[in-house]
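Structural overview
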Amino acid sequence: MKYIIIGLGNFGSSLAEKLTEQGNEVIGIDTDMSKVDAFKEKISHTICMDATDEFTVSGLPLKDTDIVVIAIGENQGANVMATALFKSLKVKRLISKATNHIHKRVLQAIGVDEIVLPEEESAERWAKKLCLKGIVNSFELNNDYSIVQVKMPKKYNGKSILEMQIKEKYNLLVLTTISNSEVDTAIGKKRSVSNVKGVADPHDILYKEDVLVVYGANKDIQRFLK
């Protein structure tokens, strides 16, 4: 896949490096030439430019880019301007970094697809989430093994864990499952509630809205999701 990462601070550079390591093509952009030079050997491509300038940005290969991440953190104004610019250029998928919850609400008003709060989510988790379709959340045990929350593949709807043969086919262990349901609130509205079902039983029946919590090798998790 092809990514553009705007802002090579701690979060942006770490995300760009990890995406590059996983075989993706990444363009890392920053206005600070020292950062561009520091990461030119670790990221597919690095460019020193102002991502709030429409003329300059329009020269980027946006049509061929799968995901744009606005990772500018120190300058909220530049973050919002760059986010609004890329949103107006109708990129395929736009993710922006928020430094606090007020900033997050501003980005939501712009209509950003997804928002990152780095103090709550690591670059490692986001790299995995972006590379593996279907990942909800993940906990990296080391470079090779992880515990991940994954969306239930629709083809297994109504089947048991035993019938899925996830251990036999993919060498993965289902630790538990999470189901989502709606409950009425005191003010008459509904809210979504996640229910963790405890230690998984082979005879548990799974449904398409469920989330699986599985443990295994990253290569096997990727094979399962594909």
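Attention now goes to the nonpolar core. One finds Ile-4, Ile-6, Leu-60, Val-68, Ile-70 and Phe-86 to be the most contacted residues of the largest nonpolar core, which totals 18 residues. Of all the secondary-structure elements, those providing two or more residues to this core are strand S1 (2-6), strand S2 (25-30), strand S4 (67-70) and helix H4 (76-88). Filtering out sequence-adjacent residues up to four positions away, Leu-60 remains in contact with Ile-4, Ile-29, Ile-47, Met-49 and Phe-86.

This part takes up H4. For H4, which comprises 13 residues, the first-to-last C-alpha distance of 18 Å matches the rise-based estimate of 18 Å (1.5 Å per residue) to within 8%. Listing the buried residues of H4 in full gives Ala-78, Asn-79, Ala-82, Thr-83, Leu-85 and Phe-86. One face of H4 carries all of its buried residues, which in axial projection span an arc of 165°. Its side-chain oxygen at 3.1 Å from the backbone nitrogen of Gly-77, Asn-75 defines the N-terminal cap of H4. Count one or two residues on from H4 and you reach Lys-90, which has phi positive near 55°.

This part takes up the pattern of salt bridges. Applying the stated criterion across every chain yields a total of four salt bridges. One salt bridge in this structure joins Arg-93 and Glu-114, with 2.6 Å as the shortest N-O distance. Taken together, the residues Arg-93 in the loop between H4 and strand S5 (94-97) and Glu-114 in strand S6 (residues 114-116) connect sequence positions 21 residues apart. Put simply, Lys-219, Asp-220 and Arg-223 are held in one network by salt bridges that share partners.

A separate point is the pairing of strand S3 (residues 45-48). The pairing of S2 with S3 spans four bridges and is parallel. If you follow Asp-30 over to S3, its bridge partner there is Cys-48. Where the polypeptide runs from S2 across helix H2 (residues 33-38) and back to S3, its parallel neighbour, the crossover connection is right-handed.

The backbone of Lys-90 shows a phi angle near 55°, a positive value even though the residue is not glycine. By the secondary structure assignment, Lys-90 is in the loop between H4 and S5. Take Lys-90: its relative accessible area is 71%, and that puts it in the exposed class. Positioned with a positive phi, Asn-171 is a non-glycine residue whose angle comes to about 60°. Relative to the elements of secondary structure, Asn-171 occurs in the loop between helix H8 (166-170) and strand S9 (173-184). Classification of Asn-171 as partly exposed rests on a relative accessible area of 45%.

Whenever strands of a sheet pair, they do so through backbone hydrogen bonds, lying parallel or antiparallel. An order of S3-S2-S1-S4-S5-S6 is seen for the six strands of this open sheet, with the pairing classed as parallel. The two strands at the open ends of the sheet, each matched to only one other strand, are S3 and S6. Going across the sheet, the axis of each strand differs from the next one's by a mean of 20°, ignoring polarity. Of the strand pairs in this sheet, S1 and S4 are connected by four bridges, and their pairing is parallel. By the bridge assignment for S4, Ile-5 is matched with Val-69. Relative to the sheet, H4 contacts S1, S4 and S5, its axis offset from that of S5 by approximately 175°.

Measuring from the backbone nitrogen of Ile-102 back to the side-chain oxygen at the start of helix H5 (residues 101-110) gives 3.1 Å, which picks out Asn-100 as the cap. Backbone geometry just downstream of H5 places Gly-111 in the positive-phi region, at approximately 100°.

Where H4 meets H5, the closest approach of the two axes is 10 Å, and the angle between their N-to-C directions is 15°. Taken together, the axes of H4 and H5 are roughly parallel relative to one another. For the crossing formed where H4 meets H5, the hand is right-handed. Residues Gln-76, Asn-79, Val-80, Thr-83, Ala-84 and Lys-87 of H4 form the contact with H5, whose own contacting residues are His-103, Val-106, Leu-107 and Ile-110. Looking at the contact of H4 with H5 residue by residue, the class counts come to five nonpolar, four polar and one charged.

Rules and cut-offs
- Every chain's residues receive numbers from 1 upward, in the order its sequence appears when written.
- Note on the predicted model: pLDDT of at least 70 is required for a residue's local features to be given, and 80 or more for side-chain atom pairs to be given and counted; whole-chain, interface and lining totals, by contrast, use all residues.
- For the side-chain quantities, the full set of heavy atoms in the structure was used; hydrogens and water were omitted.
- Here, the term nonpolar core denotes a set of buried Ala, Val, Leu, Ile, Met, Phe, Trp, Tyr and Cys residues that are joined through side-chain atoms within 4.5 Å.
- Throughout this description, buried means an accessible area under 20% of the type-specific maximum (1.4 Å probe, protein chains only), exposed means over 50%, and partly exposed covers the range between.
- Per the convention used, a helix needs a DSSP run of H or I reaching at least four residues, while a strand needs a run of E reaching at least two, with both numbered from the N terminus.
- In this description, contact between two residues means that some pair of their heavy atoms is separated by no more than 4.5 Å.
- What a helix should span is 1.5 Å times the count of its residues minus one.
- What the arc describes is the spread of directions from the helix axis to the C-beta atoms.
- Under this definition, polar contacts are N or O atom pairs within 3.5 Å; protein pairs additionally need one hydrogen-donor-capable and one acceptor-capable atom, and for neighbouring residues in sequence, both atoms have to be side-chain atoms.
- Counted as salt bridges are all cases of a side-chain nitrogen of Lys or Arg within 4 Å of a carboxyl oxygen of Asp or Glu.
- Pairing between two strands requires that DSSP report at least two bridges joining them.
- A clockwise course of the path from the first strand over the helix to the second, judged with the strands pointing away from the viewer, identifies a crossover as right-handed.
- Here an axis means a line fitted to C-alpha atoms, over the contact stretch when the element is a helix, while the angle between two N-to-C directions is reported on a 0 to 180 degree scale.
- Each angle receives one of four descriptions, namely roughly parallel if under 35 degrees, roughly antiparallel if over 145, roughly perpendicular if within 65 to 115, and oblique otherwise.
- The crossing is said to be left-handed when, going from far helix to near helix, the turn is anticlockwise and less than a right angle, and right-handed when the turn is clockwise.
- Note on residue categories: nonpolar means Ala, Val, Leu, Ile, Met, Phe, Trp, Tyr, Cys or Pro, charged means Asp, Glu, Lys or Arg, and polar means any other residue, Gly included.

The analysis is restricted to geometry; functional conclusions fall outside its scope.
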